[in-house]
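Structural overview
In case you want the letters, here they are:
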4 protein chains.
Amino acid sequence: MPRPIDPVRRRARRLQIIDAALTAFALHGYAGATTAEICRIAGIGSGTFFHHFPTKDSLLVAILEEGTEETRRFFAAREPGTPARQVILGYVGHAVADLADPRAAGFITVVGGLTSHPDIAAALRADEDTLRAALREVVAEAQHAGEVRTDLPADRLAVWIMLLIDGFAGRTAGGGFEAAAEAPLLVEQVGLLLDGPPAD
Amino acid sequence: MPRPIDPVRRRARRLQIIDAALTAFALHGYAGATTAEICRIAGIGSGTFFHHFPTKDSLLVAILEEGTEETRRFFAAREPGTPARQVILGYVGHAVADLADPRAAGFITVVGGLTSHPDIAAALRADEDTLRAALREVVAEAQHAGEVRTDLPADRLAVWIMLLIDGFAGRTAGGGFEAAAEAPLLVEQVGLLLDGPPAD
Amino acid sequence: MPRPIDPVRRRARRLQIIDAALTAFALHGYAGATTAEICRIAGIGSGTFFHHFPTKDSLLVAILEEGTEETRRFFAAREPGTPARQVILGYVGHAVADLADPRAAGFITVVGGLTSHPDIAAALRADEDTLRAALREVVAEAQHAGEVRTDLPADRLAVWIMLLIDGFAGRTAGGGFEAAAEAPLLVEQVGLLLDGPPAD
Amino acid sequence: MPRPIDPVRRRARRLQIIDAALTAFALHGYAGATTAEICRIAGIGSGTFFHHFPTKDSLLVAILEEGTEETRRFFAAREPGTPARQVILGYVGHAVADLADPRAAGFITVVGGLTSHPDIAAALRADEDTLRAALREVVAEAQHAGEVRTDLPADRLAVWIMLLIDGFAGRTAGGGFEAAAEAPLLVEQVGLLLDGPPAD
DNA sequence: CATGAATGAGTGTTCATTCAT
DNA sequence: GATGAATGAACACTCATTCAT
């Protein structure tokens, strides 16, 4: 009597594990977090873990893909007619809001340098490329609309926006830096970046 | 009749190990880099490694302290009479020059989130605090000289300078970002940060 | 639907490891016996070892506690009405019977001096104290019954009984000393201890 | 200009190392004591250690041989005419006096079970055999003189004397057992052993 | 589907020993 | 003779992963 697999419950389990992993990775880094700890946080047995993710690497890949998907969704959800520059600054605000979860900041800084592990590196690159392409497109649009400086190519500005966000995340992960309080300065800095130095 | 120990050779060995560690850490992260690999890169036996550093942790701490010391030296070496703002931008240039070694960039990003390992966390904090204090002091001086905006406290500006440098380092560690080519834009962005948005 | 864990099998594995450890410790001493050898004797992988005992120390502690428990059981099992002196000599016989396993003798002599390793030292002390208290009590009872000399305090006699048993165990561990053949002489010597020198 | 080796200084160095080793062995056991610690206690470099003893094993063997030699000397130094029984009890007193050094007791208990290490096992056996033969001879003499029971062979009595001394040493190594205070009881026990149970 | 006992390659670290100075 | 830097085999222990139940 093969009970039909319940995809809802399955997804719930996966999210439960992903959530535990976020905590563990943020605390000890990817290599430092053990599957045993993730299982303990998630309240499951190790067997269950490997039922849902064939390897530890695949778990991290899944988390990264989840993030990539969210990025895609954000830009896809753009209200038609919204000015491009506003979309850019909106994304910055969106990213900062994610960093309200202190684990997110830790996760980003900790996962950045995983160039070994080919699967993970690929997922990181995909995440990066997705955001970079989306930003590049909307920056180019803003340039055409005259909302953004044109002395730098759109791609380079996109990368520098990401640079600012990543730097901000890194500070958030440490102590003594209130993401909420500093967010306006981030928006200001991105604005200054998009405007460039005053002509004077 | 004890042979007089040769401190020069001892220091050379330490530097040899530190150099190998920089490579390994940048490649695989702290936890991912094995002492065995560091030894292989350095061309020494494992016993020699632990003869010079009692633990893997202590090696990282030594590297960090080396960096802290270099920061201190940089600010101590300031020519009397140099304008404060020029010192700040000079430091930015100095930091970027270090990132010409691609391992340095990888190292910085990879080592950021090591909050477990109390000794390492302490050394990271010390490194951070040293730079932050030095920048704060010179930023405050620049404010008094009217070279820098005064609507933000010196400490906050110091942190944001570090944010920009760290974000820059993170990009350098990845591909598709030429540190040398992007350096002027970093100086420009720091300048924008120090000036603030145009009064207009 | 967690399979109900089988405590029987778990206990069996533990005993299997303990048995292998007894052999290895008796052969090479505590420090000299490697976990690898214990695993080989027990026919298990190293992972399994540490699945059941978190450290090598904890294994020895478990063995010692097993012994302490057995001592407690022996004295608790005393038939009501048995004369105290008979209980004492019964215990001596019981101890000698254990020494029929040549590994037991080796184990005792080898484990005696482990004053480093705080956990082990504590377990040794607990084992010692349990036996000493049990013997002291029954010796005191025998003194009240007039079966044992009263010129020495019960505690001191208890210690000397243990001294004789330990000395006997030490001889058993070496060669040229048949525990079974020498047992009557041990009982005689304990008798002499309990009686003291003839009044004459 | 090969300076003639100074055998006095050489012997002093050896004794200095042996003394340090006694301390270290008593504290941590043979396997637990490192050559590095012995060197530290002795205040010498590791190179010097291996100048005087080619291996750690050879050091222990040397200590054991020192002890064997002392045993031999004790029995050789017997004043002509001394009654055999008095020699036996004199030896017991001599052994107890050695145990006044708390390291001696620890050393004896800790070194007992080293059946691996063929050289050490051989030295232990030699030490044992030397004492046993000496005791056997003097016990036999006492038996002929009618000072000692004759229902047991001299060799067996010799072994039991050693059993009592070793048991005593084991207690001394632990706490709560004052060698000096308990010595008379040891002499009494040996006396009772040599007399056997009263005919009554 | 869920479990946790079992695995063994791999990890950081130790230590007796060697040897150039 | 004396030193301590260098060595690498061996050690206790970890951990991602497998699989019988």
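Residues numbered from 1 in each chain as written. Chains lettered and ligands numbered in written order. Predicted model: local features only at pLDDT ≥ 70, side-chain atom pairs only at ≥ 80, totals over all residues. Heavy atoms only, no water.

Let us look at the side chain of Thr130 of chain D. Here Thr130 of chain D shows up in helix α7 (residues 118–144). The residues contacting Thr130 of chain D, other than those within four sequence positions of it, are Thr68, Thr71 and Arg72 of chain D. (Helix = DSSP H or I, 4+ residues; strand = E, 2+ residues; numbered from the N terminus. Contact = heavy atoms within 4.5 Å.)

Turning our attention to the interface of chain B and chain A. Each side of the interface is counted separately: chain B has 37 residues, and chain A has 36 residues. Between chain B and chain A, roughly 2,900 Å² of surface is buried when both sides are summed, and carbon and sulfur atoms account for 57% of that area. Along the contact surface separating chain B from chain A lie eight salt bridges. Among the ionic pairs, Arg149 of chain B bridges to Glu188 of chain A, the shortest N-O distance being 3.1 Å. In this assembly, chain B and chain A are joined by 14 residue pairs in polar contact (both at pLDDT 80 or more). If you list the elements that add at least two residues to the side of chain B that touches chain A, you get α1 (7–32), α6 (102–111), α7 (118–144), α8 (154–173) and α9 (179–195) of chain B. In terms of residues, the side of chain B that touches chain A owes the most to one element, α8 of chain B, which gives ten residues. (Buried area = accessible area lost by both parts, 1.4 Å probe. Salt bridge = Lys/Arg side-chain N within 4 Å of Asp/Glu carboxyl O. Polar contact = N/O pair within 3.5 Å; in protein donor to acceptor, adjacent residues only side chain to side chain.)

Here we come to the arrangement of the chains. Over all C-alpha pairs, chain B and chain C never come within contact, reaching a minimum spacing of 21 Å. The least C-alpha distance between chain A and chain D, which are not in contact, is 31 Å.

Moving on, we get to the protein's contact with DNA strand E. Among the 37 residues in the neighbourhood of DNA strand E, the closest are listed as Thr48 of chain A, Gly47, Thr48 and His52 of chain C together with Thr35 of chain D. Here DNA strand E approaches the protein such that, of its atoms within 4 Å, sugar and phosphate make up 62%. With respect to DNA strand E, the side chain of Thr35 of chain D contributes an N or O atom lying 2.6 Å from a phosphate oxygen. Elements represented by at least two residues in the surface near DNA strand E include exactly α1 (7–32) and α3 (46–52) of chain A, α3 (46–52) of chain B, α1 (7–32) and α3 (46–52) of chain C together with α2 (35–42) of chain D. Of the residues in the surface near DNA strand E, the class split is ten nonpolar, 19 polar and eight charged. (Near = heavy atom within 4 Å. Nonpolar A, V, L, I, M, F, W, Y, C, P; charged D, E, K, R; others polar.)

A few words now on α6 of chain B. Burial within α6 of chain B is extensive, with seven of its ten residues counted as buried. Elements in contact with the buried residues of α6 of chain B: α1, α4 (56–76), α5 (84–98), α7 and α8 of chain B. (Buried < 20%, exposed > 50% of the residue type's maximum accessible area, 1.4 Å probe, protein only.)

Here we come to the protein's contact with DNA strand F. The environment of DNA strand F is made up of 38 residues, and the closest members are Thr35 of chain A, Gly47, Thr48 and His52 of chain B together with Thr48 of chain D. Backbone sugar and phosphate groups make up 62% of those atoms of DNA strand F lying within 4 Å of the protein. Arg13 of chain D places a side-chain nitrogen or oxygen 3.3 Å from a phosphate oxygen of DNA strand F. With respect to DNA strand F, the backbone of Gly47 of chain D contributes an N or O atom lying 3.1 Å from a base nitrogen. Every element with two or more residues in the surface near DNA strand F is listed here: α2 (35–42) of chain A, α1 and α3 of chain B, α3 of chain C together with α1 (7–32) and α3 (46–52) of chain D. In the surface near DNA strand F, the residues fall into eleven nonpolar, 19 polar and eight charged.

Attention shifts here to the packing of aromatic side chains. Counted by the stated rule, this structure contains 40 aromatic pairs over all chains. Between Phe49 of chain D and Phe53 of chain D the ring centres are 6.2 Å apart and the planes differ by 50°, which places this aromatic pair in the tilted class. Taken together, the ring pairs connect Phe25, Tyr30 and Phe107 of chain A into an aromatic cluster. Residue placement shows Lys56 of chain B over the ring face of Tyr30 of chain B; its charged tip is 4.6 Å from the ring centre. (Phe/Tyr/Trp six-rings, centres within 6.5 Å; stacked < 30°, edge-to-face > 60°. Lys NZ or Arg CZ within 6 Å of the ring centre and 35° of its normal.)

Turning to the relation of the copies chain B and chain A, a few remarks are in order. Rotating chain B by 180° about the axis while translating it 0.1 Å along that axis superimposes it on chain A, leaving an RMSD of 0.1 Å. Here the symmetry operator amounts to a two-fold rotation axis. Within chain B, the C-alpha atom positioned nearest to the axis of rotation is that of Gly167 of chain B, 2.0 Å from it. Interface overlap between copies is the fraction of interface residues in one copy that are interface residues in the other; for chain B against chain A it reaches 97%, indicating a shared surface. (Least-squares fit on C-alpha atoms with pLDDT ≥ 70 in both.)

Here we take up the UniProt feature "DNA-binding region" (unreviewed entry) in chain A. Mapped onto this structure's residue numbering, the UniProt feature "DNA-binding region" (unreviewed entry) falls at residues 34–53 of chain A. Secondary structure over residues 34–53 of chain A splits into 75% helix and 0% strand, and the C-alpha atoms at its two ends are 14 Å apart. (UniProt positions renumbered as here; feature names shortened; annotations may be inferred.)

For the rest of this paragraph, the subject is the side chain of Arg171 of chain C. Residue placement: Arg171 of chain C occurs in helix α8 (residues 154–173). A distance of 2.5 Å separates the side chain of Arg171 of chain C from the side chain of Glu128 of chain D, its partner in a polar contact.

So, about the pattern of salt bridges. All names here are of chain A. Scanning all chains against the criterion turns up 52 salt bridges over all chains. Among the salt bridges present, the one from Arg11 reaches Glu66, with a minimum N-O distance of 2.8 Å. A residue pair is termed long-range when its members are at least 10 positions apart, and Arg11 in helix α1 and Glu66 in helix α4 (residues 56–76) qualify at 55 residues. Among the charged side chains, a network of salt bridges with common partners joins Asp19, Asp101 and Arg103.

Once that is clear, we can look at the interface of chain D and chain C. The interface of chain D with chain C comprises 36 residues on the first partner and 37 residues on the second. Carbon and sulfur atoms supply 57% of the area that chain D and chain C bury against each other, a total of about 2,900 Å² over both sides. At the junction of chain D and chain C, the tally comes to eight salt bridges. With its nearest N and O atoms 2.5 Å apart, the salt bridge here joins Arg171 of chain D to Glu128 of chain C. Among the elements of the structure, α1, α6 (102–111), α7, α8 (154–173) and α9 (179–195) of chain D are those that each provide at least two residues to the side of chain D that touches chain C. Here the side of chain D that touches chain C takes ten residues from α8 of chain D, the largest share from any one element. In terms of residue class, the side of chain D that touches chain C is built from 18 nonpolar, ten polar and eight charged.

Let us look at the environment of Glu188 of chain A. For Glu188 of chain A, the location among the structural elements is in helix α9 (residues 179–195). Sequence separation between Glu188 of chain A and Leu89 of chain A is 99 residues, and the spatial gap between their C-alpha atoms is 9.5 Å.

All names here are of chain A. When the domains of chain A are assigned, the result is domain 1 (1–53) and domain 2 (64–195). Taking only C-alpha atoms, the centre of domain 1 and the centre of domain 2 are 28 Å apart. Area buried by domain 1 at its contact with domain 2 is led by Leu22, Ala26 and Tyr30, which between them contribute 57% of it. At the junction of domain 1 and domain 2, the tally comes to two salt bridges. The interface formed by domain 1 and domain 2 includes three residue pairs in polar contact (both at pLDDT 80 or more). Counted by class, the side of domain 1 that touches domain 2 contains six nonpolar, two polar and two charged residues. (Domains from an automatic or database assignment.)

Turning to the packing of α8 of chain C against α8 of chain D, a few remarks are in order. Closest axis-to-axis distance for the α8 of chain C/α8 of chain D pair is 8 Å, and the angle between their directions is 120°. Note that α8 of chain C runs across α8 of chain D; the crossing there is right-handed. Residues Val159, Trp160, Met162, Leu163, Leu164, Asp166, Gly167, Phe168 and Arg171 of chain C of α8 of chain C form the contact with α8 of chain D, whose participating residues are Val159, Trp160, Met162, Leu163, Leu164, Asp166, Gly167, Phe168 and Arg171 of chain D. Partitioning the contact of α8 of chain C with α8 of chain D into residue classes produces twelve nonpolar, two polar and four charged. (Axes fitted to C-alpha atoms, helices over the stretch in contact; angles between N-to-C directions. Left-handed = near helix turned anticlockwise from the far one by under 90°.)

Before going further, it helps to spend a moment on the packing of α8 of chain C against α9 of chain D. Each pair of packed helices can be described by the angle between their axes along with the distance between the axes. Interaxial distance between α8 of chain C and α9 of chain D falls to 13 Å at its minimum, and their mutual angle equals 60°. Taken together, the axes of α8 of chain C and α9 of chain D are oblique relative to one another. Every pair of crossing elements has a handedness; the one defined by α8 of chain C and α9 of chain D is right-handed. From α8 of chain C, Arg156, Trp160 and Leu164 of chain C reach across to α9 of chain D, where they touch Ala181, Glu182, Leu185, Leu186 and Gln189 of chain D. (Parallel < 35°, antiparallel > 145°, perpendicular 65-115°, else oblique.)

Moving on to the UniProt feature "domain: HTH tetR-type" (unreviewed entry) in chain A. The positions that UniProt labels "domain: HTH tetR-type" (unreviewed entry) are, in the present scheme, residues 11–71 of chain A. Helix makes up 87% of residues 11–71 of chain A and strand 0%, whereas the separation of the span's terminal C-alpha atoms amounts to 20 Å.

Attention shifts here to the relation of the copies chain D and chain C. Its rotation angle being 180°, the transformation that places chain D on chain C also includes 0.1 Å of axial translation and leaves an RMSD of 0.1 Å. Both copies present the same face, since 100% of the interface residues in chain D are matched by interface residues at the equivalent positions in chain C.

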